[in-house]
Amino acid sequence: MEYVYPEAHPQKQFVAVFNINRCIGCQTCTGACKATWTFSKGQEYMWWNNVETKPYGGYPKYWDVKILQMLDEAHQTVGKEAKWNPSGTGEQSPYGVYEGMTITEAATELNTGQQALGYLPEDHEWSAPNFYEDTSTKYKGGRLGISEEGATLPVHQTWFFYLQRICNHCTYPACAAACPRKAIYKRQEDGIVLIDQSRCRGYRKCVEQCPYKKSMYRGTTHTSEKCVACYPRVEGKDPLSDGVPMETRCMAVCPGKIRLNGLVDIAEDGTWVEDPQNPLYYLIRVEKVALPLYPQFGTEPNIYYIPPRWVPRPYLRQMFGPGVDEAIERYSAPSRTLLALLQLFRATQKMVFRFEIEEGPLVREVERNGQVWQMYNDTVIGFDSKGNEVARLSVVEQMHERPPERLNSI
Ligand code: SF4
Ligand code: SF4
Ligand code: SF4
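Residues numbered from 1 in each chain as written. Chains lettered and ligands numbered in written order. Predicted model: local features only at pLDDT ≥ 70, side-chain atom pairs only at ≥ 80, totals over all residues. Heavy atoms only, no water.

Participant: Looking at this structure, how should I read the overall build of the protein?
Facilitator: Looking only at helices and strands, the protein has 11 helices and 17 strands in total. By the compact-globule yardstick of 22 Å for 410 residues, the protein fits well, its C-alpha radius of gyration being 22 Å. Buried positions account for 51% of the 410 residues belonging to the protein. The contacts of the protein with a sequence gap of at least 6 include a subset with a gap of at least 24, amounting to 66%. Element-wise, carbon and sulfur atoms account for 50% of the exposed surface of the protein, whose accessible area totals about 19400 Å². Positive and negative side-chain charges in the protein, numbering 46 and 49 respectively, have mean positions lying 6 Å apart. (Helix = DSSP H or I, 4+ residues; strand = E, 2+ residues; numbered from the N terminus. Rg over C-alpha atoms; globule rule 2.2 N^0.38 Å. Buried < 20%, exposed > 50% of the residue type's maximum accessible area, 1.4 Å probe, protein only. Contact = heavy atoms within 4.5 Å. Areas by Shrake-Rupley, 256 points an atom, 1.4 Å probe, with all protein chains shown as cover. Lys, Arg positive; Asp, Glu negative; His and termini not counted. Charge placed at Lys NZ, Arg CZ, Asp CG, Glu CD.)

Quick look at the structure:
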């Protein structure tokens, strides 16, 4: 792995898991970020959080198609193959080892004179964040293009899904590498990547070389801006927080309950400190149900996704790497701990640093792929950074029956 600056790692890292399967595309997250951070003059086209419909949507338009194409052409030019070696799988490389070129390595090989492969989107590419919203792939069979069979797993015949995107607060941020002013830095206390507005001169090198296109130029200030990970909340300075770290605005408002956000401990050598009681660590490193977006770019993004179950696997493997099949398998028939932990999404605005599970009775038993799968009504309990209980939920949702005298008369 090639990077312009010497190794230096934060003590903790801002991490989130987005469960694509649950997203309803309501854009509440997008609105919450806009209302909090980007409501001023010059920020009209800025959506630090956006939710785009895949496979066609993208903000800016076709951002991933373009960078994937550049990376592919780079491999063809130097005669290399962008492939994964699954035999290198281990604790710190849960999905195997990528043996192709990252965007920084490709820039070096091609002698571009830049830190990373990239391009500067034109103004019109930023103009329609909901471009192709809710547009599915074409369905060829059936009368009038309507399926008579309905949709079945494992892969739907026509499909789309929502991809929720914020800055990945990357371990090796291409934006920071690209900045000639050294205006972009990664915070020691939580790994959040910020742009120092007093140093930025608006050269837009970060806009050009962030492969996720999450740094954006503001014409009124002539500087670039990006998602700040709602750092006052992460620092516990929000009035609601009681001095403990809180999840960000876009996470906390999500009605689909798809987002879980927290901090993981980082060792001096940059590896994740083993902590299976941390919910993020458990989902990403123990169960491996959540995967990084386009890991082949090489920036080591810290937003992880539970892939959608109904989408063709080759598309998902290109987007989330070789861990897709295993992640979907584990999510589809979750272990007892995973099923309980999935209830913790959006149960509290406070970051959960530790979870425990109280075992409950067996409530369901079904056969799946020739194997028995059992569901228990366990209870998951979440604790904040001070060890206080902040969430308690059971797998089976509590039901309340209204007494006859209070029946809704509408
Ligand atoms: S996603 Fe882009 S803007 Fe965010 S840290 Fe990574 S390279 Fe920088
Ligand atoms: S973390 Fe905060 S700043 Fe970043 S996209 Fe979400 S709401 Fe916006
Ligand atoms: S608020 Fe949640 S459910 Fe709604 S679009 Fe955003 S991530 Fe999806």
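Participant: Sorry if this is basic, but what is going on with the sheet that holds strand 13 (residues 354-358) here?
Facilitator: Where strands meet in a sheet, backbone hydrogen bonds hold them as pairs that are either parallel or antiparallel. With antiparallel pairing, the 3 strands of this open sheet are ordered in space as 13-16-17. Only two strands of the sheet have a single partner each, and these edge strands are strand 13 and strand 17 (389-394). Sheet twist, expressed as the mean angle between neighbouring strand axes with direction ignored, is 20°. (Pairing = 2+ DSSP bridges. Axes fitted to C-alpha atoms, helices over the stretch in contact; angles between N-to-C directions.)

Participant: Please explain the packing of aromatic side chains as it appears in this structure.
Facilitator: Two aromatic rings are characterised by how far apart their centres lie and by the angle between their planes. Scanning all chains against the criterion turns up 21 aromatic pairs. Consider the rings of Tyr56 and Tyr132, whose centres lie 5.5 Å apart with planes at 50°: the pair is tilted. You can see Tyr56 sitting in the loop between strand 2 (50-54) and helix 2 (63-78) and its partner Tyr132 sitting in the loop between helix 3 (103-109) and strand 5 (161-165), a full 76 residues away along the chain. A residue is classified by how much of its surface remains accessible, and Tyr56, at 33% relative accessible area, is partly exposed. Taking relative accessible area as the criterion, Tyr132 reaches 37% and is therefore assigned partly exposed. Through pairs of rings, three or more aromatic residues link up here, namely Tyr56, Tyr62, Phe131 and Tyr132. For the cation-ring pair, Arg165 lies above Trp63, with the distance from its terminal atom to the ring centre recorded as 3.8 Å. (Phe/Tyr/Trp six-rings, centres within 6.5 Å; stacked < 30°, edge-to-face > 60°. Lys NZ or Arg CZ within 6 Å of the ring centre and 35° of its normal.)

Participant: Help me out: how do you make sense of the nonpolar core in this one?
Facilitator: Most often, soluble globular proteins have nonpolar side chains that are buried together. If you look at the biggest cluster of nonpolar residues, it comprises 104 residues, and the most contacted ones within it are Phe14, Val17, Phe161, Ile284, Leu293, Phe297 and Phe320. Domain assignment of the residues forming this core places at least three in each of domain 1 (12-142 + 152-331) and domain 2 (336-394). Setting aside its immediate chain neighbours within four residues, Phe320 contacts Ile20, Leu163, Leu291, Pro292, Leu293, Pro295, Tyr305, Pro307 and Pro308. (Core = buried A, V, L, I, M, F, W, Y, C linked by side-chain atoms within 4.5 Å. Domains from an automatic or database assignment.)

Participant: Before we go on, may I ask you to explain the site of ligand 3 in this structure?
Facilitator: Close to ligand 3 lie 14 residues; Cys23, Cys26, Gln27, Cys29 and Cys254 are nearest. Here the shell around ligand 3 is built from residues that sort into 8 nonpolar, 5 polar and 1 charged. (Near = heavy atom within 4 Å. Nonpolar A, V, L, I, M, F, W, Y, C, P; charged D, E, K, R; others polar.)

Participant: Would you explain the sheet that holds strand 10 (residues 259-265) in this entry?
Facilitator: Spatially, the 4 strands line up as an open sheet ordered 10-1-12-11, and their pairing is mixed. Every interior strand has two partners, whereas the edge strands, strand 10 and strand 11 (291-292), have only one. As paired elements, strand 11 and strand 12 (residues 303-306) share 2 bridges and run antiparallel to each other. Bridge assignment links Leu291 to a residue of strand 12, and that residue is Tyr305. Along the sheet face, helix 8 (residues 279-286) touches strand 1 (12-19), strand 10 and strand 12 and points at about 90° away from the line of strand 10.

Participant: Would you mind going over the domain arrangement of the protein with me for this structure?
Facilitator: Note: interface size is frequently given as the accessible area lost on complex formation between the parts. Under the domain assignment, the protein is made up of domain 1 (12-142 + 152-331) and domain 2 (336-394). A straight line from the C-alpha centre of domain 1 to that of domain 2 covers 27 Å. Contacts between the two partners involve 35 residues from domain 1 and, on the opposite side, 21 residues from domain 2. Taking both sides of the interface into account, the surface hidden between domain 1 and domain 2 amounts to around 2400 Å²; carbon and sulfur atoms contribute 62%. Seen at the junction of domain 1 and domain 2, the total is 3 salt bridges. A salt bridge links Asp242 to Lys350; the shortest N-O distance between them is 2.8 Å. For the side of domain 1 that touches domain 2, the element with the most residues is strand 10, which contributes 5 residues. (Buried area = accessible area lost by both parts, 1.4 Å probe. Salt bridge = Lys/Arg side-chain N within 4 Å of Asp/Glu carboxyl O.)

Participant: What is the right way to read the layout of surface pockets from this model?
Facilitator: One water molecule sets the probe size; rolling that probe over the atoms shows where empty space is left. The volume enclosed by the largest pocket comes to roughly 780 Å³. Together, 35 residues line the largest pocket, and Gln92, Ser93, Gly96, Tyr172 and Glu300 are the ones closest to its centre. Mapped onto the lining of the largest pocket, the elements with two or more residues apiece are strand 4 (97-98) and helix 8. Reported here for the second largest pocket is a volume of approximately 400 Å³. Considering the residues around the second largest pocket, the lining is formed by 18 residues, among which Tyr3, Tyr5, Pro6, Ala8 and Lys186 are closest to the centre. Sort the elements by how many residues they give to the lining of the second largest pocket and strand 6 (residues 184-186) lands first, with 3 residues. Class assignment of the residues belonging to the lining of the second largest pocket gives a composition of 11 nonpolar, 3 polar and 4 charged. (1 Å grid on protein atoms, 1.4 Å probe; cavity = no way out; pocket = protein on both sides within 12 Å on 5 of 7 lines; lining within 4 Å. Points joined across faces, edges and corners; volume = space filled by probe spheres on them.)

Participant: So what exactly am I meant to see when it comes to helix 1 (residues 28-37) here?
Facilitator: Residue pairs spaced three or four apart in an α-helix point in one direction, given the helix's 3.6 residues per turn. Within the span of helix 1, buried status applies to Cys29, Thr30, Ala32, Cys33 and Lys34. For helix 1, the elements touching its buried residues are strand 2, helix 7 (249-252) and strand 10.

Participant: Help me understand the site of ligand 2, please; the structure alone is not making it clear to me.
Facilitator: Looking at ligand 2, the residues that line it are Cys33, Trp37, Trp48, Asn49, Ile166, Cys227, Val228, Ala229, Cys230, Thr248, Arg249 and Cys250. Contributions of two or more residues to the shell around ligand 2 are made by helix 1 and helix 7. Taken together, the residues of the shell around ligand 2 break down into 9 nonpolar, 2 polar and 1 charged.

Participant: What's the story with helix 9 (residues 313-320) in this structure? I'm lost.
Facilitator: Within helix 9, burial applies to Arg313, Leu316, Met319 and Phe320. Down the axis of helix 9, the buried side of the element spans an arc of 125°, and every buried residue falls inside it. Tucked inside the fold, the buried residues of helix 9 contact strand 2, helix 2, strand 5, strand 11, strand 12 and helix 10 (324-332). (Arc of directions from axis to C-beta.)

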